[in-house]
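Chain by chain, the residues:
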Amino acid sequence: MSDKADDFAPSRRRFLAGAAATGVGAAAVGAGQAAQAATPDPLITEVQDWASGLGDGVDATPYGLPIQFEQDVVRRNVEWLTADTISSINFTPIHALDGTITPQGCAFERHHSGAIELRKEDYRLMINGLVDTPLVFSYADLERFPRENRVYFCECAANSGMEWAGAQLNGAQFTHGMIHNMEYSGVSLRTLLEEAGLAAAGDFKDKWVYAEGADASSNGRSIPLEKALDDVLVAFKANGEALRKEHGYPVRLVVPGWEGNMWVKWLRRIEVMDGPVESREETSKYTDTMEDGSARKWTWEMDAKSVVTSPSPQAPITHGKGPLVITGLAWSGRGAITGVDVSIDGGKTWTQARLGAPGTDKALTRFYLDTNWDGSEMLLQSRARDSSGYVQPTKAELREVRGLNSIYHNNAIQTWWVKADGEAENVEVS
Ligand SMILES: Nc1nc2c(c(=O)[nH]1)N[C@H]1C(S)=C(S)[C@@H](COP(=O)(O)O)O[C@H]1N2
Ligand SMILES: [Mo]
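Being a predicted model, the structure only gives us computed values, none of them experimental.

Draft legend 1. Layout of the domain arrangement of the protein. Domain boundaries assigned for the protein yield domain 1 (16–51), domain 2 (94–296) and domain 3 (305–427). Relative to domain 2, the C-alpha centre of domain 1 lies at a distance of 51 Å.

Draft legend 2. Here's a closer look at the environment of A158. If you trace the backbone, A158 turns up in the loop between β5 (148–155) and α6 (172–176). We classify A158 as buried; its relative accessible area is 15%. Separated by 243 residues in the primary sequence, A158 and V401 have C-alpha atoms spaced 17 Å apart. Ignoring anything within four residues of it in the chain, the contact list for A158 reads M178 and Y408.

Draft legend 3. Geometry of the nonpolar core. Counting residues in each nonpolar core, the largest one holds 61 residues, and the members touching the most others are L193, L253, L267 and I270. Here this core takes five residues from strand β9 (residues 233–238), the largest share from any one element. What L253 contacts, discounting residues up to four positions off in sequence, is L189, A211, I223, V232, L233, V234, M262, W263, V264, L267 and I270. The next biggest cluster of nonpolar side chains, apart from the first, holds 28 residues, and it includes V308, L324, I337 and F367.

Draft legend 4. Highlighting the sheet that holds strand β16 (residues 322–331). Read from one edge to the other, the open sheet built from four strands follows the order β15-β16-β20-β19, with strand pairing classed as antiparallel. The sheet is open, and its two borders are formed by β15 (305–310) and β19 (354–355), each paired with just one other strand. In terms of strand pairing, β15 meets β16 through five bridges, oriented antiparallel. From the neighbouring strand, V308 faces β16, where its bridge partner is G328.

Draft legend 5. Representation of the environment of E301. With respect to the helices and strands, the residue E301 is situated in the loop between β14 (295–296) and β15. Beyond its immediate sequence surroundings of up to four residues, E301 is in contact with G257, W258, G333, R334 and H409. Looking at E301, its side chain comes within polar contact range of the side chain of R334, at 2.7 Å.

Draft legend 6. Structural detail: the sheet that holds strand β7 (residues 208–213). With respect to topology, five strands assemble into an open sheet ordered β4-β3-β12-β7-β8, the strand pairing being mixed. Taken across any chain shown, the strands that pair with only one partner, and hence form the sheet edges, are β4 (135–138) and β8 (221–224). Put simply, the sheet's adjacent strands are angled 20° from each other on average, direction ignored. As paired strands, strand β3 (residues 124–129) and β4 are joined by four bridges and run antiparallel to one another. When the bridges of β4 are listed, L125 appears paired with F137.

Draft legend 7. Structural detail: the site of ligand 1. Around ligand 1 there are 21 residues in total, and F108, H112, D215, R252 and K265 lie nearest to it. Measuring from an oxygen atom of ligand 1, one finds a backbone N or O atom of R110 at 3.0 Å. Expressed as a share of its isolated accessible area of 530 Å², the protein-covered part of ligand 1 is 100%. The class makeup of the residues in the shell around ligand 1 is six nonpolar, nine polar and six charged.

What counts and what doesn't
- Residues numbered from 1 in each chain as written.
- Chains lettered and ligands numbered in written order.
- Predicted model: local features only at pLDDT ≥ 70, side-chain atom pairs only at ≥ 80, totals over all residues.
- Heavy atoms only, no water.
- Domains from an automatic or database assignment.
- Helix = DSSP H or I, 4+ residues; strand = E, 2+ residues; numbered from the N terminus.
- Buried < 20%, exposed > 50% of the residue type's maximum accessible area, 1.4 Å probe, protein only.
- Contact = heavy atoms within 4.5 Å.
- Core = buried A, V, L, I, M, F, W, Y, C linked by side-chain atoms within 4.5 Å.
- Pairing = 2+ DSSP bridges.
- Polar contact = N/O pair within 3.5 Å; in protein donor to acceptor, adjacent residues only side chain to side chain.
- Axes fitted to C-alpha atoms, helices over the stretch in contact; angles between N-to-C directions.
- Near = heavy atom within 4 Å.
- Areas by Shrake-Rupley, 256 points an atom, 1.4 Å probe, with all protein chains shown as cover.
- Nonpolar A, V, L, I, M, F, W, Y, C, P; charged D, E, K, R; others polar.

This is how it looks when you write it as structure tokens:
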């Protein structure tokens, strides 16, 4: 903790005193703001439209959507990033969410050949290759195996990929929104592989599975058998309900902590093999260029990373100085988040943030720093620490190893320049 942290500590007493002085607890009165004479507030003293008639009946919306006032909280794409919206990506509005669970309706999508529509009745999952008995499961078959519920984040390896050379996209949604975090229900892949029998695979060392999707791209990926037998799920529900079409309905692979590309959607086939396929998605794509121009093979795990979601360019400070909640998300593919530090001076000094709940394995963790903003500019950063002892690097530290020509696996510390008027901008402090 720095000295700076102390004079930045929030004053709850001042906040409460300010609110009480107006006699209106709900009025947005910042600490230090002069108490005003109480003028009648028509929102309190007048009968409003919503109290003069009746609201909607219970079946007005059999499946509910967010209220119209929240229509800005949507996925967005960046038009110039891809040639069309079929092989493309959009971004989760992380700047506008709280907590850790991403609603499916605004969770980012990444397709290589569009989101397909596949009925449960037409669904088949084949397990073949080095197994004792090749098997084909229908959707109904999958529902008869013991199920698990687990919360995990899914991050595209290209998340923050545009930021390597310098600050590029203006908003947490665009710099860090290729991520979502859901509660998955499904069957462990181990259960299904054991059903097929793995004696034929012999020594599990150096054995692999190749997972393939039913869409035109197939998005085939090789996964070491060790991981496949560890925590991989064959999932059919997310956040309690059926997967949305765009997230792989009716069944997708969940590969905890590993890059999103391996989370094969519309999963149709798992082949047990004695080596990796070295498919397009694991050679020419999703490979990291290093400082010396060479390429690093097999980088599956997502390193610890974090971002301040508010304030941020799409979520400026609108209430002036006084109590300010700084919040964001942290995650690690190598374990649980153990702590997050926040800096308001571009990384010179750091204050430990409060975790919304203790970090769990390979899942998003929410952090808060309850501060008292003096109204001056901030260079806002967050830095994640995980249960492996790893600390999120600065951009300069990452570039020393990876150079400037990388795309994937950028987990560097992000900076928002928050100005005196509360507006924020993506800047680089390396
Ligand atoms: N079958 C199939 N699976 C796929 C893809 C795809 O195009 N086809 N895209 C992959 C990529 S690159 C990512 S980042 C994740 C994204 O999952 P989401 O669309 O649910 O966010 O799905 C992966 N699985
Ligand atoms: Mo991806």
